Amino acid sequence: MPRFLLCMSISLSLSFGCSEDKSTTPIESDTTPPAAVMNLATAPAAEDRVTLYWTAPGDDGSSGQAAEYEIRYMTVPMTEALWDSATIAPVSLAPAKSGEIQHVEISGFD
């Protein structure tokens, strides 16, 4: 059975705050991007699964808490241009507060 290298990236998808009365109060835009994940690492795994570890970034640089994660993978090295064609990992993981260590196991690779 051929083996392949899993190249994974973590992307943060953030929710923007809005007021309850949208007709009279302007919505503030989120102008500070989340911090990048700088320490993504993997733990030893079987052929069909991998465990990812990283430090949670903030939603405003390195402070706050992201609203959600989107984890995608490919069987070839991933680039920004290939992001939309990568497979979304079927995981449900709530982001931790900025600076906390997080991990998730992803399985089901063919």
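How each quantity is defined
Residues numbered from 1 in each chain as written. Predicted model: local features only at pLDDT ≥ 70, side-chain atom pairs only at ≥ 80, totals over all residues. Heavy atoms only, no water. Salt bridge = Lys/Arg side-chain N within 4 Å of Asp/Glu carboxyl O. Buried < 20%, exposed > 50% of the residue type's maximum accessible area, 1.4 Å probe, protein only. Pairing = 2+ DSSP bridges. Helix = DSSP H or I, 4+ residues; strand = E, 2+ residues; numbered from the N terminus. Axes fitted to C-alpha atoms, helices over the stretch in contact; angles between N-to-C directions. Core = buried A, V, L, I, M, F, W, Y, C linked by side-chain atoms within 4.5 Å. Contact = heavy atoms within 4.5 Å. pLDDT = per-residue confidence, 0-100. Phe/Tyr/Trp six-rings, centres within 6.5 Å; stacked < 30°, edge-to-face > 60°.

### Notes on the pattern of salt bridges
A full pass over the atoms with the stated rule returns three salt bridges. Put simply, arginine 72 and glutamate 70 hold a salt bridge, and the shortest N to O gap is 2.6 Å. Judged by relative accessible area, arginine 72 falls into the buried class, the value being 10%. Among the charged side chains, a network of salt bridges with common partners joins Asp48, Arg49 and Glu105.

### A few points about the sheet that holds strand β6 (residues 101-107)
As summarised here, the arrangement of the three strands in space is β2-β3-β6, forming an open sheet in which the pairing is antiparallel. Looking at strand neighbours, the two that pair on one side only are β2 (41-43) and β6, the edges of this open sheet. In this sheet, neighbouring strand axes are inclined to one another by 30° on average, regardless of whether the strands run parallel or antiparallel. With three bridges connecting them, β2 and strand β3 (residues 49-55) associate as antiparallel partners. Directly across from alanine 41, in β3, lies its bridge partner tyrosine 53.

### Some remarks on the nonpolar core
By size, the foremost hydrophobic cluster in this structure holds 12 residues: Val50, Leu52, Trp54, Ala56, Tyr69, Ile71, Tyr73, Ala89, Ala96, Val104, Ile106 and Phe109. Where this core is concerned, the elements lending two or more residues are β3, β4 (68-74) and β6.

### Observations regarding the environment of glycine 64
By the element assignment, glycine 64 lies in the loop between β3 and β4. Once the C-alpha coordinates of glycine 64 and alanine 96 are considered, the two residues, 32 residues apart in sequence, prove to be 9.4 Å apart. Other than its neighbours up to four places away in sequence, glycine 64 contacts Gly58, Asp59, Lys97 and Ser98.

### Here's the deal with the confidence of the model for the protein
The pLDDT averaged across the protein works out to 76; a share of 75% of its residues lies at or above 70. Throughout residues 1-21 the model reports pLDDT below 50, and contacts reaching past four residues in sequence, or to other chains, amount to 56 contacts.

### Details of the pairing of β6
With burial as the criterion, only one face of β6 is covered, namely that bearing Gln102, Val104 and Ile106; the residues Ile101, His103, Glu105 and Ser107 on the opposite face remain uncovered. Judged from the seven bridges that link them, β3 and β6 form a sheet pairing that is antiparallel. Across the sheet, residue tyrosine 53 finds its bridge partner in β6, namely histidine 103.

### Quick notes on the packing of aromatic side chains
Applying the stated criterion to the full structure yields one aromatic pair. Ring centres of tryptophan 54 and tyrosine 69 lie 5.4 Å apart, and the angle between their planes is 85°; this geometry places the pair in the edge-to-face category. On the criterion of sequence distance, the pair formed by tryptophan 54 in strand β3 and tyrosine 69 in strand β4 is long-range, its members being 15 residues apart. The burial state of tryptophan 54 is the same as that of tyrosine 69; both residues are buried.

### Structural notes on the environment of aspartate 84
Position of aspartate 84 among the secondary structure elements: in the loop between β4 and β5 (87-88). Taking relative accessible area as the criterion, aspartate 84 reaches 68% and is therefore assigned exposed. Sequence separation between aspartate 84 and arginine 72 is 12 residues; the distance between their C-alpha atoms is 9.0 Å.

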